[in-house]
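Summary of structural features
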Amino acid sequence: MVSLYASTGANLTHYHLDVDAGTLTKQATIALPQDIQYAWPHVSKKYLYVTSSNTVPKGPLGTEHHLTALKIDPASGALSPHGEAIRLPTRPVHVATDIPSTHALVAFTVPSALRVYSIKPDGTLGAEVAQSGTDAGIFAHQVRVTLDNRLAVLVTRGNDAADGKPEDPGALKVFKYRDGKLSDCVSIAPNKGYGFGARHLDFHPGKPWVYVSIERQNKMMMFKRDGDAISAEPVFTKELLAEPGNVRSKQMGGTVHVHPRGHVVYGINRAYTPVEINGRKVVPGGENNIVVYRIDQSTGEPTAMQHMDTRGVYCRTFHIDPSGRLLVAANIISLDVQDGATVKTVPASLALFRIAEDGRLEYLRKYDVDVGAKTMFWMGMV
């Protein structure tokens, strides 16, 4: 059985996912302390670690931020609280455990930071692990630990130039990692980080290749790992957009996932900035799609072979089931979208796609989700 969890504000809803049939069945909902930001499962699949915050993205800074452990019922997938939640200092945008799940690594946006918290043998959360000082760059957005548990990589996005303020550079901050301790930071920042708005990365399951989505410039890059070093420059840089010369709305890249077999990598395009048309806030078209890249198994080069419409707006997270046969995309918000001469309301939704042998996607169906004034900010599977 595969459990899918999707957030709406502070609520986390459990669904049963039938991979063979390609269907979702809604189960129960549990409330977290504040709006959910991200979640990550324990390696045992018995626990789920969830970050929450009352900071509104692009809005005022909140004062309530938490890291919470939830227990996953082994028979049903139902969630329940597991120990006390940990209060955090600022908005935690991302969380991941190390490979043995003995520690949880949390990335914070403003101020950009990386903190590490111990996980006890029973899956509950322990104390923060003191660090000797970390270079967390500008606007961290994700943290991952390499599959051999030797490196921790903090993806820092930087910021576009705006309102007379110059661009903030982005970078990959690469730390040696040992038992919860970070050390020897190396900054990977092509062109000193300018024009390098990195958002998310994923690792190839069997090759020394790291795939990075460049949010602000709509690119997919591949870096190569050599021992405990990652190449200072990308080996390959590819377009995310199908039509980079036809941008109709603000476009941004998003999440990236390598297929469990390692033969394809998936990226996301998001067009979501509304403009006023006849007194109505409307997204004037653009690309909301999943990009499927074939991976050359000798060089790691990604080559785009499909751009699949997500059937919604602003897919912030998507996930591949453990068998590699089904992909689910979470379109997080309901918005009015221009469709030719008309305007239509596109609801938030969970869209399901069958994954073919070569990695291409076939649309199956979608489930509209009433998010109200909130968003479906995170979705994942266990």
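Residues numbered from 1 in each chain as written. Predicted model: local features only at pLDDT ≥ 70, side-chain atom pairs only at ≥ 80, totals over all residues. Heavy atoms only, no water.

A closer look at the pattern of salt bridges
Two side chains carrying opposite charge are able to pair once their charged atoms lie near each other. Rules: Definition used for salt bridges: Asp or Glu carboxyl oxygen within 4 Å of a side-chain nitrogen of Lys or Arg. Runs of H or I in DSSP of at least four residues are treated as helices and runs of E of at least two as strands, each being numbered from the N terminus. Each residue gets one of three labels from its accessible area relative to the maximum for its type: buried under 20%, exposed over 50%, partly exposed in between, using a 1.4 Å probe on protein chains only.
If you walk through the whole model with that rule in mind, you get 25 salt bridges. The salt bridge partner of arginine 144 is aspartate 202, with a shortest N-O separation of 3.0 Å. Here arginine 144 is found in strand 13 (residues 140-145), whereas its partner aspartate 202 is found in strand 17 (residues 198-203), with 58 residues between them in sequence. Among the residues examined, aspartate 202 registers a relative accessible area of 8% and is labelled buried. For aspartate 368, the salt bridge identified is with lysine 366, shortest N-O distance 2.5 Å. Connected through salt bridges with shared partners, the residues Asp148, Arg150, Arg178, Arg225 and Asp228 form a single ionic network.

Thoughts on the sheet that holds strand 29 (residues 315-320)
Keep this limit in mind: Pairing between strands is defined by DSSP: at least two bridges between the two strands are required. Angular values range over 0 to 180 degrees, each being the angle between N-to-C directions of two axes fitted as lines to C-alpha atoms, with helices fitted over their stretch in contact.
Strand order in the open sheet formed by four strands is 29-30-33-34, with antiparallel pairing between adjacent strands. The strands lining the two open edges of the sheet, one partner per strand, are strand 29 and strand 34 (361-368). Ignoring which end each strand starts from, the neighbouring axes of this sheet average 20° apart. By the bridge criterion, five bridges tie strand 29 to strand 30 (residues 326-331) in an arrangement that is antiparallel. Bridging from a neighbouring strand, isoleucine 320 pairs with leucine 327 of strand 30.

Quick word on the side chain of histidine 257
Heads up, the rule is: Two N or O atoms count as a polar contact when they lie within 3.5 Å, although within protein this holds only if one can serve as hydrogen donor and the other as acceptor, and sequence-adjacent residues are included solely when both atoms are side-chain atoms. Contacts between residues were defined by any pair of non-hydrogen atoms, one from each residue, lying within 4.5 Å.
Take histidine 257: it is sitting in strand 23 (residues 257-258). The class for histidine 257 is buried, based on a relative accessible area of 17%. Looking at histidine 257, its side chain comes within polar contact range of the main-chain oxygen of phenylalanine 318, at 3.0 Å. If we ignore the near neighbours within four places in the chain, the residues touching histidine 257 are Asp202, Val265, Tyr266, Phe318 and Ile320.

Focus: the sheet that holds strand 3 (residues 23-31)
As summarised here, the arrangement of the four strands in space is 3-2-1-35, forming an open sheet in which the pairing is antiparallel. A single partner strand is all that each edge strand has here, and the edge strands are strand 3 and strand 35 (379-381). Going across the sheet, the axis of each strand differs from the next one's by a mean of 25°, ignoring polarity. When strand 2 (residues 11-18) meets strand 3, the two strands line up antiparallel, connected through seven bridges. Across the sheet, residue histidine 16 finds its bridge partner in strand 3, namely threonine 25.

Observations regarding the packing of aromatic side chains
Test applied: Two rings from Phe, Tyr or Trp (for Trp, the six-membered ring) form a pair when their centres are within 6.5 Å of each other. A pair whose planes differ by under 30 degrees is stacked, one over 60 is edge-to-face, and the rest are tilted. The rule is short: NZ of Lys or CZ of Arg within 6 Å of the ring centre and within 35 degrees of the ring normal puts a charge over the ring.
Taken as a whole and assessed by the stated rule, the structure comprises four aromatic pairs. Ring centres 6.1 Å apart and planes at 75° place the aromatic pair phenylalanine 196 and phenylalanine 223 in the edge-to-face group. Here phenylalanine 196 is found in the loop between strand 16 (181-188) and strand 17, whereas its partner phenylalanine 223 is found in strand 19 (residues 219-226), with 27 residues between them in sequence. Residue phenylalanine 196 is classed as buried on the basis of its relative accessible area, which comes to 1%. Taking the relative accessible area as the measure of exposure, phenylalanine 223 reaches 0% and is therefore buried. Residue placement shows arginine 115 over the ring face of phenylalanine 108; its charged tip is 5.9 Å from the ring centre.

Some points on the environment of glycine 193
Structurally, the position occupied by glycine 193 is in the loop between strand 16 and strand 17. For glycine 193, a relative accessible area of 0% gives the class buried. Apart from residues lying up to four places away in sequence, glycine 193 is in contact with Glu167, Pro169, Gly170 and Arg216.

None of the figures reported here should be taken as evidence of function without further support.
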